[in-house]
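Commentary on secondary and tertiary structure
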Amino acid sequence: MNRTVDPQELLAALDPEQREVALQVSGPLAVLAGAGTGKTRAITYRLAYGAATGAIDPSTVLAVTFTSRAATQMRARLRTLGVTKATALTFHAAALAQLKYFWPYVVGGYVPPIFEHKGPLIVAACTRLGLDVDPAAVRDIAAEIEWAKVSMFDAENYSRAVAAAVRQPPADLDTATMANLLTVYEDVKDERGVIDFEDVLLLMVGMLHEREDVARTVRSRYRNFVVDEFQDVSALQFELLKLWLGDRHDICVVGDVAQTIYSFAGADPHYLVNFAHYHPGARTIQLNRDYRSTPQIVSLANRILATPTQSLGQPRSADGVVYLKSQRESGPVVQFTTYADDYAEAVAIARKIEQLQAGGVALQDMAILYRTNSQSEVFEQVLTDRNIGFILRGDTQFFERDEIRRAVVILGQVARTSGADHPVSAEALVDAVKTVVSELGWSPTPPQSVGAVRERWDNLDALVNLAYERQTLTLTEFVDELRERAETQLAPAVDGVTLSSLHAAKGLEWEAVFLVGLSDGLIPISLAQDRASMEEEKRLLYVGVTRAKTHLHLSYAKFRGAGRSRARAVSRFLAPVWPDQEVKAKPQPSPQTVEESPDHDTIELFHRLSEWRSQTATELSYSDYQVMTDRVLHAIADVKPRTLIQLGTVPGVGETKLERYGAQVLAVIRQATGRA
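Everything in this summary refers to the structure shown in the same document. All values derive from a computational prediction rather than experimental measurement.

1. Some remarks on the sheet that holds strand β13 (residues 510-515)
Reading across from one edge, β9-β14-β13-β10-β12-β11 is the order of the six strands in this open sheet, with parallel pairing throughout. With one partner strand each, in any of the chains shown, β9 (335-341) and β11 (390-393) form the two edges of the open sheet. In this sheet, neighbouring strand axes are inclined to one another by 25° on average, regardless of whether the strands run parallel or antiparallel. Strand contacts of helix α17 (residues 376-385): β10 (366-370), β11 and β12 (497-501), with the helix running at about 160° to β11, the strand carrying the most contacts. Packing of helix α23 (residues 531-545) onto the sheet brings it into contact with β10, β13 and β14 (548-559), and relative to β13 it is tilted by some 140°.

What follows is the structure, given as structure tokens:
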């Protein structure tokens, strides 16, 4: 039962613009809410105010979100405001509940089972068409099927649709083949008696169109609608919403055009920008008071939005764009840094994280954000080496990705069968790795497509880059290092820095954010060629910037690493604001070492450990690496363990190394530090 709430107390808790939202309890309303402006607060207080004044019956409310997490949060907020009878669900959850309710009466029996993964259906369809596709291509085809269905394009008009959208079919398929695949996919699905997630919405739309009694029942149940993240609505979701409403206009939508980053999946901000066209007389209210970020961060975010996309001129329309006004006190300056290579960038950021942690910022309040998942590997490794916990959001860790695991296994087999345990030429390791990864989908030039195929290429290319950096190793040593990296990165980390792609970071916020890899070709991604995709890339950068509350660090590396000599330029979106920094020398073949540490004692200890390693390796007829890697020595020099137990906690020091070398390492440390 709804508890009694004083309407005036609700209004007093809101800022002027949020109060305007709360006061409009009927009729069409579009809320253009910038990042950090309290949009969820505004729309939940609106429902609470409407319920408290009797203007809204909570039991007739349907609040629609895009994620189960958002729906749960909205229900929780409404409960705290005394609104317990309102329904908050995702589009799919709401449609599925209705479909299950009406199916027995309209069709008979039960709703067909939902096939959660399209992969087997797509493979069957491809087999019928004589197409040989790998798992990455299957994932990309699945995404294309989903785009076509939520955009309400069938096989007959697919070719016209992709041409209008300046869109390339996936997996090197031509439009005619992809159109045929759409048809055969539906045939396979029908033969197996299953439906997919998009069918839930399509079937409900069809039922509402064809059965007036069904539409009448739904419309009598829900009379007031709230839709969050309205900029992400697809054509199919918008059609379902229209049918839920009928000829009524009691709907409040909230969204931010500047955070439209899912156009590739069918999201269309047109419905938000042109809301009044579909609901005549609609009122529009802007929320631009940013309570999340400091003025320094907000200023940069606004400037990114206002900067024309170079070479393409101004966007056709800036309708719906909200420029923010920070409500916080002044904070630290935004930091811009250019590094020599990717490894240098990762090491420097790890040190900044340690400094922030020492200053009181918790690890879980920090995030490293990047454009593509393949960029995570070097940060995973460096954070592991420095014993900094991390949580990978939205993807598996680098060495757990299928193509990387397969590459490591094959490389190991090659090393065993070829006896590749002796020093070889600098090019031999790189060539061996290229040969193996070529069989798994890598090529010297990246594929001209987005999605899983490109992501697989990026991951394998990161392995090639690692081979360039470690080309002084034999193949056996290289494989051993890969396995060691995989083992150390699998350690659980509950309290840690978040590693996330920009897409996966949407809707989240952190006290400190590191935006990395901000070079042209990554942001904007090299595949973005037309105006629409360029603008979306710029919005993606804006989303990344606005995740930060207080500390924001932006960086890129001039070079990828040794052997990759092509220089990078800073992202065109940031070129107007980027400080003039030059990297005087190209990176050296080996990764950074402790030489960059500002701690003289650490440098000295590292040198002594290196001398001990060389002497030990000579005595055992090993290479230096087979005793311990530079990374492990670096970590030991940083930690300066006093006991075997402490030494055993250093990443890369397993039981075997601890038993074989532990006493010797501690003796070197005692001698170098003057400990008794």
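2. Observations concerning helix α24 (residues 600-620)
For an α-helix, the turn length of 3.6 residues means that residues three or four places apart are oriented alike. Look at α24: 30 Å from first C-alpha to last across 21 residues, which is about the 30 Å you get at 1.5 Å a residue. Looking at the buried positions of α24, the neighbouring elements they touch are α25 (624-627), α26 (630-639) and α28 (655-673). Following α24 by one or two positions, Ser 621 adopts a phi angle in the positive range, close to 60°.

3. Focus: unusual backbone geometry
At the junction of Ile 523 and Pro 524, the peptide bond is cis and its omega measures out at 5° in the coordinates. The backbone of Ala 171 sits at a positive phi, close to 55°, despite the residue not being glycine. Tracing the sequence through the fold places Ala 171 in the loop between α8 (158-164) and α9 (175-192).

4. Points about the nonpolar core
Counting residues in hydrophobic clusters, the biggest one holds 43 residues, and the most contacted among them are Met 204, Leu 208, Val 227, Phe 230, Leu 240 and Trp 244. Top contributing element to this core by residue count: helix α12 (residues 235-245), with eight residues. Setting aside chain neighbours within four positions, we find Val 227 in contact with Val 64, Phe 91, Val 233, Leu 241, Ile 251, Cys 252, Val 253 and Val 254. With 36 residues, the next largest nonpolar core counts Val 298, Leu 554, Tyr 556 and Val 570 among its residues.

5. Overview of the packing of helix α10 (residues 197-210) against helix α11 (residues 212-221)
In contact at an axis separation of 5 Å, α10 and α11 are set at 105° when each is read in the N-to-C sense. Of the possible angle classes, the one that applies to α10 and α11 is roughly perpendicular. Facing α10, whose interface residues are Met 204, Met 207, Leu 208 and Glu 210, α11 presents Glu 212, Val 214, Ala 215 and Val 218. The residue makeup of the contact of α10 with α11, split by class, is six nonpolar, no polar and two charged.

6. Some points on the pattern of salt bridges
Scanning the entire structure with this criterion turns up 29 salt bridges. When the shortest N-O distance is used, the salt bridge between Lys 39 and Asp 228 registers 2.8 Å. Of this pair, Lys 39 sits in helix α3 (residues 39-53) while Asp 228 sits in the loop between β4 (224-227) and α12, and the two are 189 residues apart along the sequence. The exposure class of Asp 228 is buried, given its relative accessible area of 6%. With its nearest N and O atoms 3.0 Å apart, the salt bridge here joins Glu 536 to Arg 539. With Glu 536 and Arg 539 both in helix α23 and three residues apart, this pair spans about one turn of that helix. Accessibility expressed as a relative area gives 16% for Arg 539, which makes it buried. When salt bridges with common partners are traced through the structure, they connect Lys 39, Asp 228, Glu 229, Asp 232 and Lys 506 into a single cluster.

Basis of the calculations
- Residues numbered from 1 in each chain as written.
- Predicted model: local features only at pLDDT ≥ 70, side-chain atom pairs only at ≥ 80, totals over all residues.
- Heavy atoms only, no water.
- Pairing = 2+ DSSP bridges.
- Helix = DSSP H or I, 4+ residues; strand = E, 2+ residues; numbered from the N terminus.
- Axes fitted to C-alpha atoms, helices over the stretch in contact; angles between N-to-C directions.
- Contact = heavy atoms within 4.5 Å.
- Expected span 1.5 Å × (residues − 1).
- Core = buried A, V, L, I, M, F, W, Y, C linked by side-chain atoms within 4.5 Å.
- Buried < 20%, exposed > 50% of the residue type's maximum accessible area, 1.4 Å probe, protein only.
- Parallel < 35°, antiparallel > 145°, perpendicular 65-115°, else oblique.
- Nonpolar A, V, L, I, M, F, W, Y, C, P; charged D, E, K, R; others polar.
- Salt bridge = Lys/Arg side-chain N within 4 Å of Asp/Glu carboxyl O.

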